[in-house]
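Letter by letter, the chains look like this.
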Amino acid sequence: MEKLKETLSKTKKLFIPIEQLFSRGQSEEEILDELFELLILADVGVATSQKIINDLKEKARKSHQSDLKTLLKRELIEILSARPSTVQETFPAVWLLVGVNGGGKTTSAAKLAYKYQSQGRKVMLAAADTFRAAAQEQLALWGKKLNLPVIQGQPGADPASVVYDALQSFQAKNYDLLIIDTAGRLHTYANLMAELEKIKKVISREIPGAPQEILLVLDSTIGQNAIVQAKEFNRFSGLTGVFLTKLDGTARGGSVLAVVEELQLPIKFIGLGETEKDIMEFEPEAFVEALLS
Ligand code: GDP
């Protein structure tokens, strides 16, 4: 909890005026008007802020509850829990990471690998971004550091063939978890989505029921732009959740609410720094408590 509070300290600064709002003795209407503006400033987004205000009005009326702060906390938890954040921890499993370059895919793959390796799982990584040599090298470096195998292809090779090779090795060696890092950019989003579909098809053909998780890696520091980006990726079928990165040092943590509300996708993991240990499973209550405590 302390680590989460520290991580969210910049975002929390934007929530302080929200907390203070409830102790100023204004009328409910005045509070809700100001709350709307403060939510927008905290990067919650217009649509989601409007929903929060409408729901609060309704809840205050129905429950004759005047404690708006408690109602707000409950509302935020409700929004963040609308989709279950539970991670599919059945093994063996294949997880796919997608998202634009620079969002933190490779680092997040390493964090997940470290997390499950620390729990005694045999983890393998695959670098399916054959367009960027640097991406493959970076994953290979993580593999060395964490002492895990990394399957790579020749530069320019068909990413689906790299995934195929990885799946063969994964099954032959009885590993528990295969985490696949993918390309974040092609000439067009349509090409990228077609490539991701092809990768997914290869996985489910080789291992029925897989991939168990397809996580969209989103950079929280870009705030509302993350929603625009995510909508592009939402055209790719089967996303199971979001890995929201770089929550440390950003004041835009409020965008978490818009991600869940507007994309209807749960946040499953959050990234809190650049090392392999800086990962947490997302818990709506702990998150809201850290923001509004
Ligand atoms: P990719 O292009 O999507 O694979 O992104 P990378 O994994 O290469 O990450 C891009 C940059 O973001 C790197 O400098 C990472 O160290 C950094 N990064 C990734 N996740 C986090 C995070 O949770 N917090 C911080 N502060 N930096 C991160």
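Values in this document were obtained by computation on a predicted structure and should not be read as measured data.

Draft legend 1. Summary view of the sheet that holds strand S6 (residues 241-245). The strand order S3-S2-S4-S1-S5-S6-S7-S8 describes an open sheet built from eight strands, whose pairing is mixed. Edge positions in the open sheet fall to strand S3 (150-151) and strand S8 (279-281), since each of these has one partner strand only. Across three bridges, S6 lies against strand S7 (residues 267-271) in parallel orientation. Bridge pairing links Leu 244 to Ile 270 in S7.

Draft legend 2. Expanded view of helix H5 (residues 68-80). The end-to-end C-alpha separation of H5 is 18 Å, in line with the 18 Å expected for 13 residues at 1.5 Å each. Among the residues of H5, Leu 68, Leu 71, Leu 72, Lys 73, Glu 75, Leu 76, Ile 77, Ile 79 and Leu 80 are the ones counted as buried. Buried residues in H5 make contact with helix H2 (9-21), helix H3 (28-41), helix H4 (46-63), helix H11 (255-263) and helix H12 (284-291).

Draft legend 3. Structural context of the packing of aromatic side chains. In the structure shown here, the tally under the stated rule is six aromatic pairs. Ring plane angle 45° and centroid distance 6.3 Å describe the contact between Trp 95 and Phe 269, whose orientation is recorded as tilted. With a gap of 174 residues between them, Trp 95 in strand S1 (residues 93-98) and Phe 269 in strand S7 connect regions that are remote in the sequence. You can call Trp 95 buried: its relative accessible area is 0%. Among the residues examined, Phe 269 registers a relative accessible area of 0% and is labelled buried.

Draft legend 4. Fine view of the pairing of strand S5 (residues 213-219). Most of S5 is tucked away: seven of the seven residues are buried. Bridge count for S1 against S5 is four bridges, and the pairing is parallel. When the bridges of S5 are listed, Val 98 appears paired with Leu 216. Of the strand pairs in this sheet, S5 and S6 are connected by five bridges, and their pairing is parallel. Each bridged residue has a counterpart across the sheet, and for Asp 219 the counterpart in S6 is Thr 245. Read as a crossover between parallel neighbours, the route from S5 over helix H10 (residues 225-233) to S6 is right-handed.

Draft legend 5. Here's a closer look at the pairing of S1. The buried count for S1 comes to six of six residues, which makes it a mostly enclosed element. Judged by which residues are buried, S1 turns out to be covered on both faces: Ala 93, Trp 95 and Leu 97 on one side and Val 94, Leu 96 and Val 98 on the other are all buried. With five bridges joining them, S1 and strand S4 (residues 177-181) adopt parallel strand pairing. Its bridge partner lying in S4, Leu 97 is registered against Asp 181.

Draft legend 6. Structural context of the domain arrangement of the protein chain. Segmenting the protein chain into domains produces domain 1 (2-80) and domain 2 (93-283). The C-alpha centroid of domain 2 is placed 32 Å from the C-alpha centroid of domain 1. Of the roughly 1700 Å² buried between domain 1 and domain 2 on both sides combined, carbon and sulfur atoms contribute 65%. Counting the surface domain 1 buries against domain 2, the share from its top three residues, Thr 7, Asp 43 and Leu 80, is 34%. At the boundary of domain 1 and domain 2, one finds two salt bridges. The partner of Asp 43 in a salt bridge is Arg 252, with the nearest N and O atoms 3.1 Å apart. At the boundary of domain 1 and domain 2, one finds five residue pairs in polar contact (both at pLDDT 80 or more). Per-element tally for the side of domain 1 that touches domain 2: the top contributor is H2, with four residues.

Conventions used here
- Residues numbered from 1 in each chain as written.
- Predicted model: local features only at pLDDT ≥ 70, side-chain atom pairs only at ≥ 80, totals over all residues.
- Heavy atoms only, no water.
- Pairing = 2+ DSSP bridges.
- Helix = DSSP H or I, 4+ residues; strand = E, 2+ residues; numbered from the N terminus.
- Expected span 1.5 Å × (residues − 1).
- Buried < 20%, exposed > 50% of the residue type's maximum accessible area, 1.4 Å probe, protein only.
- Contact = heavy atoms within 4.5 Å.
- Phe/Tyr/Trp six-rings, centres within 6.5 Å; stacked < 30°, edge-to-face > 60°.
- Right-handed = clockwise from strand over helix to strand, strands pointing away.
- Domains from an automatic or database assignment.
- Buried area = accessible area lost by both parts, 1.4 Å probe.
- Salt bridge = Lys/Arg side-chain N within 4 Å of Asp/Glu carboxyl O.
- Polar contact = N/O pair within 3.5 Å; in protein donor to acceptor, adjacent residues only side chain to side chain.

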